[in-house]
Amino acid sequence: MNKSEIEGQKTISQSRRDAMARFLAAILTGVYLSFKWQTKASSTPMISLTDDETFMRMALAEARQGDLPFGTVIVQDGRPHATGRNLCKTDQDPTAHGEMVAIRRFVATHPAEALKGATLYTTGEPCPMCMGAILWCGFGRLVFAASIGELATKLGQIDIRSRTIAEAAPFARISITGGVLAAEALALFP
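The structure displayed is predicted, hence computed values, not measured ones. (Residues numbered from 1 in each chain as written. Predicted model: local features only at pLDDT ≥ 70, side-chain atom pairs only at ≥ 80, totals over all residues. Heavy atoms only, no water.)

(A) Expanded view of the environment of Thr177. Counting through the fold element by element, Thr177 comes out in strand β5 (residues 175–177). Overall, the relative accessible area of 14% leaves Thr177 in the buried class. On a C-alpha basis, the gap between Thr177 and Arg141 in space is 7.9 Å, while along the polypeptide they are 36 residues apart. Among the polar contacts made by the side chain of Thr177, one reaches the side chain of Arg141 at a distance of 3.3 Å. (Helix = DSSP H or I, 4+ residues; strand = E, 2+ residues; numbered from the N terminus. Buried < 20%, exposed > 50% of the residue type's maximum accessible area, 1.4 Å probe, protein only. Polar contact = N/O pair within 3.5 Å; in protein donor to acceptor, adjacent residues only side chain to side chain.)

(B) Region of interest: the layout of surface pockets. By volume, the largest pocket is sized at about 240 Å³. Along its surface, the largest pocket is lined by 17 residues, and Phe70, Asn86, His97, Cys127 and Gln157 are the ones closest to its centre. Split by residue class, the lining of the largest pocket holds nine nonpolar, six polar and two charged. (1 Å grid on protein atoms, 1.4 Å probe; cavity = no way out; pocket = protein on both sides within 12 Å on 5 of 7 lines; lining within 4 Å. Points joined across faces, edges and corners; volume = space filled by probe spheres on them. Nonpolar A, V, L, I, M, F, W, Y, C, P; charged D, E, K, R; others polar.)

(C) Quick look at unusual backbone geometry. Look at Gln92: it is not a glycine, yet its phi comes out positive at around 50°. The exposure class of Gln92 is exposed, given its relative accessible area of 69%. The phi dihedral of Leu181 is positive, around 60°, even though this residue is not glycine. Considering the arrangement of structural elements, one finds Leu181 in the loop between β5 and α7 (182–186). With a relative accessible area of 14%, Leu181 lands in the buried category.

(D) Spotlight on the packing of aromatic side chains. For the structure on display, the rule yields three aromatic pairs. Ring geometry for Trp136 versus Phe171: centroids 4.8 Å apart, planes at 20°, classification stacked. In this pair, Trp136 sits in helix α4 (residues 128–137) while Phe171 sits in the loop between α6 (162–167) and β5, placing the two residues 35 residues apart along the sequence. A relative accessible area of 66% means that Trp136 is categorised as exposed. (Phe/Tyr/Trp six-rings, centres within 6.5 Å; stacked < 30°, edge-to-face > 60°.)

(E) The arrangement of the pattern of salt bridges in detail. In total, this model carries five salt bridges according to the counting rule given. Glu184 is paired through a salt bridge with Arg57; the nearest N and O atoms lie 2.7 Å apart. Residue Glu184 is located in helix α7, and its partner Arg57 is located in helix α2 (residues 49–63); the two are separated by 127 residues in the primary sequence. Taking the relative accessible area as the measure of exposure, Arg57 reaches 40% and is therefore partly exposed. Residue Glu62 is joined to Arg85 by a salt bridge in which the shortest nitrogen-to-oxygen separation is 3.1 Å. You can see Glu62 sitting in helix α2 and its partner Arg85 sitting in strand β2 (residues 79–85), a full 23 residues away along the chain. Pair check on accessibility: Glu62 and Arg85 agree, each one buried. (Salt bridge = Lys/Arg side-chain N within 4 Å of Asp/Glu carboxyl O.)

(F) Spotlight on the packing of helix α3 (residues 98–109) against α4. Close contact between α3 and α4 brings their axes to 9 Å; oriented N to C, the two are set at 30°. The orientation of α3 with respect to α4, classified from their angle, is roughly parallel. Mapping the contact onto sequence places Glu99, Met100 and Ile103 in α3 and Met129, Cys130, Ala133, Ile134 and Cys137 in α4. For the contact of α3 with α4, a count of residues per class yields seven nonpolar, no polar and one charged. (Axes fitted to C-alpha atoms, helices over the stretch in contact; angles between N-to-C directions. Parallel < 35°, antiparallel > 145°, perpendicular 65-115°, else oblique. Contact = heavy atoms within 4.5 Å.)

(G) A look at the pairing of strand β1 (residues 71–76). Most of β1 sits out of view: six of its six residues are buried. Sheet topology note: the β1/β2 ladder contains six bridges and is antiparallel. Residue pairing across strands places Thr72 opposite Gly84, the latter belonging to β2. The hairpin formed by β1 and β2 contains two residues between the paired strands, and Asp77 there has a positive phi angle of roughly 55°. Pairing of β1 with strand β3 (residues 119–124) involves four bridges; the strand directions are antiparallel. Paired with Val73 across the strands is Tyr121, a residue of β3. (Pairing = 2+ DSSP bridges.)

Read these as spatial facts, not as claims about activity.
Structure representation (structure tokens):
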């Protein structure tokens, strides 16, 4: 083999390595994104961390106005459609958690079917009551700040994770992301 043939082999070899690296990167990116965002298979579109933080900041603003610092935002097609905050004391209603208030506000102006596939942002991981409502409504995605375990350090909580409830609902297809701005949510508690 002469020098130009050797150089040609190196070029072909390098091209194959580059192509293989791009192929593997594409596969690994797909696997990572699928693992990161999916609890169960869902057709919910991917949302960036920046969007998650923007909508969570809206939920935090709601939380600051609640009886307890819990706030919720319902997002459909990249736009907020309803908000809620804890109003248990104000309304004398133990079910007036931020998630329930936001759902009630949404269905007051939209058909309930419009919740299917929407994203619910909430400052605290939903309790079993709220998680049940989220599943029955057909939300495609749940994003929460502080986990049940973290909230239990601040006030009483029923120690059942939202993921556990979702896994017990074979009819539901929802992706769950936790920990978005958790420190800011926890800082709202005295």
